[in-house]
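Observations on chain architecture
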Amino acid sequence: GGIITQTPKFLIGQEGQKLTLKCQQNFNHDTMYWYRQDSGKGLRLIYYSITENDLQKGDLSEGYDASREKKSSFSLTVTSAQKNEMAVFLCASSIGDTQYFGPGTRLLVL
Amino acid sequence: AQSVTQPDARVTVSEGASLQLRCKYSYSGTPYLFWYVQYPRQGLQLLLKYYSGDPVVQGVNGFEAEFSKSNSSFHLRKASVHWSDSAVYFCVLSASNTNKVVFGTGTRLQVLP
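Summarised in this report is the structure supplied together with it. These figures come from a predicted structure and were not determined experimentally. (Residues numbered from 1 in each chain as written. Chains lettered and ligands numbered in written order. Predicted model: local features only at pLDDT ≥ 70, side-chain atom pairs only at ≥ 80, totals over all residues. Heavy atoms only, no water.)

The secondary structure content of chain A amounts to 0 helices and 11 strands. Counted from the first residue to the last, chain A has its helices and strands arranged as β-β-β-β-β-β-β-β-β-β-β. Here chain A has a C-alpha radius of gyration of 13 Å; the compact-globule value for 110 residues is 13 Å, and the two agree. Counting only C-alpha atoms, chain A reaches 35 × 25 × 25 Å along its principal axes. The proportion of buried residues among the 110 residues of chain A is 50%. Once local pairs closer than 6 in sequence are excluded, the contacts in chain A between residues at least 24 apart make up 53%. Across chain A, the 12 positively charged side chains and the 11 negatively charged ones have centroids separated by 7 Å. (Helix = DSSP H or I, 4+ residues; strand = E, 2+ residues; numbered from the N terminus. Rg over C-alpha atoms; globule rule 2.2 N^0.38 Å. Buried < 20%, exposed > 50% of the residue type's maximum accessible area, 1.4 Å probe, protein only. Contact = heavy atoms within 4.5 Å. Lys, Arg positive; Asp, Glu negative; His and termini not counted. Charge placed at Lys NZ, Arg CZ, Asp CG, Glu CD.)

It is worth spelling out the state of the cysteines at this point. In total, this model carries 2 disulfides over all chains according to the counting rule given. A disulfide bridge connects A:C23 with A:C91, and the sulfur atoms are separated by 1.9 Å. Because the sign of the S-S torsion sets the handedness, a value of about -75° for the bond joining A:C23 and A:C91 places this disulfide among the left-handed ones. Placement of A:C23 in strand β3 (residues 19-25) and of A:C91 in strand β9 (residues 86-95) is noted, with a sequence separation of 68 residues between them. Each member of the pair, A:C23 together with A:C91, is buried. The disulfide partner of B:C23 is B:C91, and the S-S distance across this bridge is 1.9 Å. Note on the B:C23 and B:C91 pair: the S-S dihedral is about -65°, so by sign convention the disulfide is left-handed. With a gap of 68 residues between them, B:C23 in the loop between β3 (19-21) and β4 (24-26) and B:C91 in strand β10 (residues 87-95) connect regions that are remote in the sequence. (Disulfide = S-S within 2.5 Å.)

Once that is clear, we can look at a nonpolar patch on the surface. There is a patch of nonpolar side chains on the surface, built from A:I12, A:M86, A:L108 and A:L110 and spanning about 400 Å² of accessible area. Positionally, A:L110 belongs in the segment after β11 (105-109). (Patch = residues over 30% accessible without salt bridge, like charges linked within 9 Å, V, L, I, M, F, W, Y side chains within 5 Å. Areas by Shrake-Rupley, 256 points an atom, 1.4 Å probe, with all protein chains shown as cover. Salt bridge = Lys/Arg side-chain N within 4 Å of Asp/Glu carboxyl O.)

Neighbouring strands of a sheet are bound in pairs by backbone hydrogen bonds; such pairs are parallel or else antiparallel. All names here are of chain A. The sheet built from 4 strands is open, its strands ordered β1-β3-β8-β7 with antiparallel pairing. Both edges of this open sheet fall to β1 (4-7) and β7 (64-70), since each of them pairs with a single strand only. Strand-to-strand twist across the sheet, computed as the mean angle between neighbouring axes with direction ignored, equals 15°. Where β7 meets strand β8 (residues 73-78), 5 bridges bridge the pair, whose relative direction is antiparallel. Counterpart to K70 in the pairing with β8 is S73. (Pairing = 2+ DSSP bridges. Axes fitted to C-alpha atoms, helices over the stretch in contact; angles between N-to-C directions.)

Nonpolar side chains in soluble globular proteins tend to end up buried together. Among the nonpolar cores identified, the biggest contains 28 residues, and B:L19, B:W35, B:L47, B:L48, B:F74, B:L76 and B:Y89 are the most heavily contacted of them. Elements supplying a minimum of two residues to this core: β2 (10-14), β3, β5 (31-38), β6 (44-50), β8 (64-68), β9 (73-78), β10 and β12 (107-112) of chain B. The leading source of residues in this core is β10(B), at 4 residues. Counting residues in each nonpolar core, the second largest holds 20 residues, with A:M32, A:W34, A:A66 and A:F89 among its members. (Core = buried A, V, L, I, M, F, W, Y, C linked by side-chain atoms within 4.5 Å.)

The subject of this paragraph is the side chain of A:Q25. Residues and elements named next belong to chain A. For Q25, the location among the structural elements is in strand β3. Look at Q25 and you get buried, because its relative accessible area is 4%. Polar contacts involving the side chain of Q25 include one to the main-chain carbonyl oxygen of H29, which spans 2.8 Å. Setting aside residues up to four positions removed in sequence, Q25 forms contacts with I3, I4, M32, R68, K71, S72 and S93. (Polar contact = N/O pair within 3.5 Å; in protein donor to acceptor, adjacent residues only side chain to side chain.)

Here's what the structure looks like:
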């Protein structure tokens, strides 16, 4: 089996700050994803990557950057944190159509 | 455009009771359908998936789901719930031959002891 690790688990930022979230997987999966989870809104896709150095925008990419320097890692940057923003960011990787999720990074912006 | 609707935001049942969580989808092509569960402060875990064939698929922990093309539905069922089943359940649609995945808004299940 494999595992997806997300760091940090909790992130507290200031308004306007640039914040970076990291995701590592040892499944050797090609495709990786970043989702944002807001209460009552399900998961919304921010970015995904089908291979190293590839980036594809999801429905919620505005305000975010992503980076896939290695097959095993996928980083997400909040380019300018919004005041009172509170969400969980979930990283996933997939083989075929089945996705495997990390435990999430919980973001709070003061 | 694809969409997934989970009409019940919250469901409360007593331990030992049967359960059905509803999911309706909208997609003109061949859907790949999934149910994921999210326990508190954890990521999502796959319960079961449907690609084709027998419309009733079995998953982990006694869960099953039934695909209905005529009703555009993929309801999740369990014959007898346990308190540890309390979690949020997501119905997910993957459009065939694409990386497009659509999540429902989730149903929060509370099982009363």
